[in-house]
Amino acid sequence: MYRRATPRTQARTCTSVEAELARFRRAAAQAKEQLYEVQGRALSVAGEDTAAIFQAQQMILEDPTLLDAVEDQIRAGLDAEAALVQEIDRLAAMLAGLDGSYLRERASDVRDVGLRVLRLLTGIEEDSLPVSDSPIIVVAQDLSPSETAQLDRSVVLGFAIAKGGITSHTAILARGFGIPAVVGLGDSLLNEVPDGACVILDGGAGLLIVDPDAVTLDHYLHKIRLLAQREADASEVQTPGMTRDGHRIQVVANIGDVASVEQALALGAEGVGLLRTEFLFLDRKDLPDEDEQYLVYRALGTALGSRPLVIRTLDIGGDKPLPYLDLGQEANPSLGFRAIRVSLAYPELLKTQLRAILRAAVDADIKVMFPMVVTLDELQAVRECLEEARTELKRRGMACAESIEVGVMVEVPAAALTIPILARRVDFFSLGTNDLIQYTLAVDRNNERLGYLWDPLQPAVLYLIKKAIDDAHREGKWVGLCGEMASDLDAVPLLLGMGLDEFSVNPVAIPKVKALIRSLAFHDMQDLVERALQLPTAAAIRALVRETVVN
Ligand code: PEP
Ligand code: MG
């Protein structure tokens, strides 16, 4: 059990305002240096996103509003400690009272920074995090980002805290550092776990089991052995995706820039199932021309060798604006002018991209895919653009692919329900579940308040996906899935059992998705799907998957 020792501050009478100001400035500067070091350590172990938390903390110590307020209090007669505590409390309370989880996180960062400076002022440099010779799980009311970064990974196996949510900085750090953690267990936690108790921490299920009985203990020991085996398997990243009983699955990557292709290949990608081309169009003042796009697509095709590359045409609008193309303001952007709707309204923009793709496809296995298709008419229209693009290239005497596989992203229920119609004009489908879930459940994918409804295992989502895959197979078309759901380890067994042909995931997820697939038997997963689809809720389906499969 860890209880944070807050340095005791006793009001002192200051003899000299100047001396007190100098003490405060020295402590603030030292705190910044410490944070710079912590940022460096976080960067080397956990990467840029995690390290950014400590960069932001340094900026708090550069904020003149806070620094001036503390100094004003010192000039008004308070000592440095009291002035600091007062202003940190005021700023943190103000941020905590504002709407939005981002600002609440800022409040906890402000407190963390305040505590660091206070320790330096009082001379207590480091807090006494638990020290132990044998492995432990830390249980605490809360851990600040600084405390989390300071945990000794050689003895701390994980932590459970009463406070925090999955998007809190502490949780982000735990993920970045690879520390198993359960957060937000509620204030009763500290009363329920005696010091030295035997506990099981199940980060995946969000559980802390105190004094487990023999059966539970056995279950978890078995799970630990299987997961260790799986981890060893994950090192076999370059083996093709295949189930235990020999059912072949493609595991490919989602990428959104050129550099990621090398990382994807190193992690075992069997190709690219989704190239988000928006990166070519963002952070600039005008549209990229055909040659510029061609060079990028060709470079990616070359890097992939004989592996497939699925290029998605520009998908802007909705939550992805393009500053130099005025798409207008809409009351309901997700249901508005976006994706293929924009492409068809600006055919020259689309045809420029298609010409670049057709040129690059001459010596690479490149396929083209259109986002957010709803009707066959749209599909006919983009196909016409594709033919016009080819004719234009030929007229110019330029080499271009004579044929190219065409796919659509199934991102709206209308497309999922009309696969047999769309199948007349496509070669493959890719389920874009980030959007498909949003439109099926009527839940804005970026609205945190509705997070409780957002679940890829909702029966409605699973019915729709199952129907789409069955219909596509009946029409002789293959189906991939490129939304985040493809790397959700509770969803993978179900998608496998439904017959999904290709999992397209973030490169870092490839080893664990491949290893999970390798541990499963296709026929067992078909049975699992049948049982899952009888259940009434996402929670029941998740529980069934976890009972059946160790993931
Ligand atoms: C999707 O919607 O699932 C998808 C892969 O596209 P994006 O996340 O780019 O909208
Ligand atoms: Mg999408």
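Residues numbered from 1 in each chain as written. Chains lettered and ligands numbered in written order. Predicted model: local features only at pLDDT ≥ 70, side-chain atom pairs only at ≥ 80, totals over all residues. Heavy atoms only, no water.

(A) Up close: the overall build of the protein. For the protein, the helix and strand inventory stands at 22 helices and 13 strands. Dimensions of the protein, computed from the C-alpha atoms along their principal axes, are close to 85 × 60 × 40 Å. For the protein, the residues scored as buried account for 50% of the 551 residues in total. Once local pairs closer than 6 in sequence are excluded, the contacts in the protein between residues at least 24 apart make up 64%. Accessible surface, the protein as shown: approximately 25,400 Å² in total, 52% of it carbon and sulfur. Across the protein, 56 positive and 80 negative side-chain charges occur, with their mean positions spaced 2 Å apart. (Helix = DSSP H or I, 4+ residues; strand = E, 2+ residues; numbered from the N terminus. Buried < 20%, exposed > 50% of the residue type's maximum accessible area, 1.4 Å probe, protein only. Contact = heavy atoms within 4.5 Å. Areas by Shrake-Rupley, 256 points an atom, 1.4 Å probe, with all protein chains shown as cover. Lys, Arg positive; Asp, Glu negative; His and termini not counted. Charge placed at Lys NZ, Arg CZ, Asp CG, Glu CD.)

(B) Region of the structure containing the site of ligand 1. The environment of ligand 1 is formed by 14 residues, the closest being R276, E411, G432, N434 and R445. Contact between ligand 1 and R312: an oxygen atom at 3.0 Å from a side-chain N or O atom of the residue. In the environment of ligand 1, an oxygen atom lies 2.9 Å from a nitrogen or oxygen atom belonging to the side chain of E411. With the chains in place, 98% of the 290 Å² that ligand 1 exposes on its own is no longer accessible. Broken down by secondary-structure element, the contributors of at least two residues to the shell around ligand 1 are strand 7 (272–276) and helix 17 (433–441). The element best represented in the shell around ligand 1 is helix 17, accounting for three residues. Of the residues in the shell around ligand 1, the class split is three nonpolar, four polar and seven charged. (Near = heavy atom within 4 Å. Polar contact = N/O pair within 3.5 Å; in protein donor to acceptor, adjacent residues only side chain to side chain. Nonpolar A, V, L, I, M, F, W, Y, C, P; charged D, E, K, R; others polar.)

(C) The arrangement of the domain arrangement of the protein in detail. What the domain assignment reports for the protein is domain 1 (17–122), domain 2 (136–231) and domain 3 (241–548). A C-alpha centroid distance of 28 Å is found between domain 1 and domain 2. Between domain 1 and domain 2, the residue contacts involve 14 residues of the former and 12 residues of the latter. The three residues of domain 1 that bury the most area against domain 2 are I53, E105 and D112, which together make up 39% of that side's buried surface. There are zero salt bridges connecting domain 1 and domain 2. Listing elements by their share of the side of domain 1 that touches domain 2, those giving two or more residues are helix 1 (17–46), helix 2 (48–60) and helix 5 (101–122). At six residues, helix 5 tops the list of elements feeding residues into the side of domain 1 that touches domain 2. In the side of domain 1 that touches domain 2, the residues fall into six nonpolar, three polar and five charged. (Domains from an automatic or database assignment. Buried area = accessible area lost by both parts, 1.4 Å probe. Salt bridge = Lys/Arg side-chain N within 4 Å of Asp/Glu carboxyl O.)

(D) Region of the structure containing the side chain of T313. Mapped onto the fold, T313 is located in the loop between strand 8 (309–312) and helix 12 (340–345). Those residues in contact with T313 that lie beyond four places of it in its chain are T277, E278, L350, Q353, L354, I357, V368, M369, F370 and P371.

(E) Region of interest: the coordination of the magnesium ion (ligand 2). In this structure, E411 (OE) and D435 (OD) serve as the protein donors to the magnesium ion (ligand 2), at separations of 2.0 Å. In this pair, E411 is assigned in the loop between strand 10 (406–410) and helix 15 (413–417) and D435 in helix 17, connecting sequence segments 24 residues apart. Residue E411 is classed as buried on the basis of its relative accessible area of 2%. (Donors = N, O, S within 2.8 Å, 3.2 Å for Na, K, Ca; no water.)

(F) Structural view of a nonpolar patch on the surface. On the surface, a nonpolar cluster with roughly 260 Å² of combined accessible area is contributed by L217, L221 and I224. Mapped onto the secondary structure, I224 falls in helix 9 (residues 214–234). For I224, a relative accessible area of 54% translates into the label exposed. (Patch = residues over 30% accessible without salt bridge, like charges linked within 9 Å, V, L, I, M, F, W, Y side chains within 5 Å.)

(G) Layout of unusual backbone geometry. Of note, D283 is a non-glycine position whose phi angle comes to about 50°, a positive value. Position of D283 among the secondary structure elements: in the loop between strand 7 and helix 11 (290–304). Since its relative accessible area comes to 82%, D283 is described here as exposed. A positive phi is found at A339, a non-glycine position, where the angle reads about 55°. Summarising the element assignment, A339 is placed in the loop between strand 8 and helix 12.

(H) Highlighting the sheet that holds strand 1 (residues 136–140). Spatial strand order, 1-2-3: three strands in an open sheet with parallel pairing. Of all the strands in the sheet, the pair left with one neighbour each is strand 1 and strand 3 (181–182). (Pairing = 2+ DSSP bridges.)

(I) Representation of the environment of R244 in the model. Positionally, R244 belongs in the loop between helix 9 and strand 6 (250–255). A relative accessible area of 57% places R244 in the exposed class. Among residues more than four places away in sequence, those in contact with R244 are I517, R518, S519, L520, A521 and D524. Within the structure, R244 has its side chain in polar contact with the backbone oxygen of S519 (distance 3.2 Å).

(J) Region of interest: the packing of helix 3 (residues 64–75) against helix 4 (residues 80–96). Relative orientation of the contacting elements helix 3 and helix 4 amounts to 140°, with a least axis distance of 8 Å. Compared by their axis directions, helix 3 and helix 4 come out oblique. Considering only the axes of helix 3 and helix 4, their crossing is right-handed. On helix 4, the residues that touch L66, A69, V70, Q73 and I74 of helix 3 are A80, A83, L84, Q86, E87, I88, R90 and L91. Across the contact of helix 3 with helix 4, the residue classes tally to nine nonpolar, two polar and two charged. (Axes fitted to C-alpha atoms, helices over the stretch in contact; angles between N-to-C directions. Parallel < 35°, antiparallel > 145°, perpendicular 65-115°, else oblique. Left-handed = near helix turned anticlockwise from the far one by under 90°.)

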